[in-house]
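# A closer look at the structure
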Amino acid sequence: MTLSRHKMKAIFGLTIGLVLATGCARPVPRSMVSGTWLPPAQGREDSRARAAADEAIARNLPGINLSRQTVVAGTWPQAKAVLGEFTFANIPMSTFDESTLVQARFVRTDLRQSSFQSADLRWANFARAELELVRFDNANLAKATLRGANLRRAVLSGADLRGADLRGADLTGAILTGTNLGRADLTGAILTGAVLQDVNMSGAKIGARTVGEHTVITTASR
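Described below are features of the structure shown in this document. On a predicted model such as this, the values are computed, not experimentally measured, just so you know.

A word on unusual backbone geometry. Positive phi values are uncommon outside glycine, yet Gln 103 reaches one of about 65°. Mapped onto the elements of the fold, Gln 103 is located in the loop between strand S8 (100-102) and strand S9 (175-177). The class for Gln 103 is partly exposed, based on a relative accessible area of 37%. Of note, the phi angle at Arg 183 is positive, near 65°, even though the residue is not glycine. Its place among the elements puts Arg 183 in the loop between S9 and strand S10 (195-199).

To continue, consider the pattern of salt bridges. The tally for this structure, following the rule as stated, stands at nine salt bridges. The shortest N-O distance in the salt bridge between Asp 137 and Arg 135 comes to 2.7 Å. Here Arg 162 and Asp 160 are joined by a salt bridge, their closest N and O atoms 2.6 Å apart. Residue class for Asp 160 comes out buried when judged on its relative accessible area of 14%. Residues joined in a network through salt bridges with shared partners are Asp 165, Arg 167 and Asp 185.

Core analysis: the largest hydrophobic core is formed by 48 residues, its most contacted members being Phe 116, Leu 121, Phe 126, Leu 131, Phe 136 and Leu 151. Aside from chain neighbours lying at most four places away, what touches Leu 151 is Leu 131, Phe 136, Leu 146, Leu 166, Ala 169, Asp 170, Leu 171, Thr 172 and Ala 174.

This brings us to the environment of Ser 67. Within the fold, Ser 67 resides in the loop between helix H1 (46-58) and strand S6 (70-75). Note: C-alpha distance between Ser 67 and Gly 84 (17 residues apart in sequence) is 9.3 Å. For Ser 67, the contacting residues outside a window of four places in its chain are Glu 85, Phe 86 and Thr 87. In this structure the side chain of Ser 67 is engaged in a polar contact, spanning 2.9 Å, whose partner is the backbone oxygen of Thr 87.

Relative to the elements of secondary structure, Leu 171 occurs in the loop between S8 and S9. Leu 171 sits 15 residues away from Leu 186 along the chain, and the two C-alpha atoms are 10.0 Å apart. Once residues within four sequence positions are removed from consideration, Leu 171 is found in contact with Leu 151, Leu 156, Leu 186, Ala 189, Ile 190, Leu 191, Thr 192 and Ala 194.

The next subject is the side chain of Thr 109. Among the secondary structure elements, Thr 109 is positioned in the loop between S8 and S9. For Thr 109, a relative accessible area of 0% puts it in the buried group. Residues within four places of Thr 109 in sequence aside, it is in contact with Phe 86, Thr 87, Phe 88, Ala 89, Ile 91, Ala 129 and Glu 130.

With that out of the way, let us pick up the packing of aromatic side chains. Evaluated as defined, the whole model comprises nine aromatic pairs. Plain terms: the ring middles of Phe 96 and Phe 106 are 6.1 Å apart, the flat faces sit at 85° to each other, and that makes the pair edge-to-face. Residue Phe 96 is found in the loop between strand S7 (80-82) and S8, and its partner Phe 106 is found in the loop between S8 and S9; the two are separated by 10 residues along the sequence. An angle of 85° between the planes, with centres 5.7 Å apart, marks the rings of Phe 106 and Phe 116 as edge-to-face. Of this pair, Phe 106 sits in the loop between S8 and S9 while Phe 116 sits in the loop between S8 and S9; the two residues are 10 residues apart in sequence, bridging distant segments of the chain. Classification of Phe 106 as buried rests on a relative accessible area of 0%. Among the residues examined, Phe 116 registers a relative accessible area of 0% and is labelled buried. Seen from the ring of Phe 88, Arg 68 lies directly overhead, with NZ or CZ sitting 4.5 Å from the centre.

Definitions and cut-offs
- Residues numbered from 1 in each chain as written.
- Predicted model: local features only at pLDDT ≥ 70, side-chain atom pairs only at ≥ 80, totals over all residues.
- Heavy atoms only, no water.
- Helix = DSSP H or I, 4+ residues; strand = E, 2+ residues; numbered from the N terminus.
- Buried < 20%, exposed > 50% of the residue type's maximum accessible area, 1.4 Å probe, protein only.
- Salt bridge = Lys/Arg side-chain N within 4 Å of Asp/Glu carboxyl O.
- Core = buried A, V, L, I, M, F, W, Y, C linked by side-chain atoms within 4.5 Å.
- Contact = heavy atoms within 4.5 Å.
- Polar contact = N/O pair within 3.5 Å; in protein donor to acceptor, adjacent residues only side chain to side chain.
- Phe/Tyr/Trp six-rings, centres within 6.5 Å; stacked < 30°, edge-to-face > 60°.
- Lys NZ or Arg CZ within 6 Å of the ring centre and 35° of its normal.

Here it is in structure tokens:
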């Protein structure tokens, strides 16, 4: 039986509760989630993954767990979740524009060609994630972990990366125009062919493993 015969469309709404300081949960507007769900590597049926999401909605949980699931070209426009779990998931070409995913875990997640434009990703963990050609335009990645991530040809123009951990990240050919890298750690990062134009690098740790003759770095006047 070929994989294509298992493909199916899943369009459903997700309502995620944001946990307030009082410990109460408040519902947020529904976000339509669509995409092509594929069978997980372990052979579990797609219905189980969708059931888990439905349970999260019913219990008004602060996050969603898509760990180790596969969703192609999924869309989460303006999604809101705290502590979302996407570790080891395969979700390439997905859209998370203007989403709030504070402290979300994308460890070793395949997100190639996805979009997080204007998303709130503070303290998110993208360690060793596949982020090639991902759009992070104007995203808030303050204190995020991108250690060892593949950011080749990614776009981080206007992104806030203050205090971010970029140690060992591959930024080959990446575009960082107007990016805030204040106090970011780029020790061992690969910057070959990257464009860092009008960037704020105040207090940043620069120990790039490979800069290369085609790397362009200009700092913003302060």
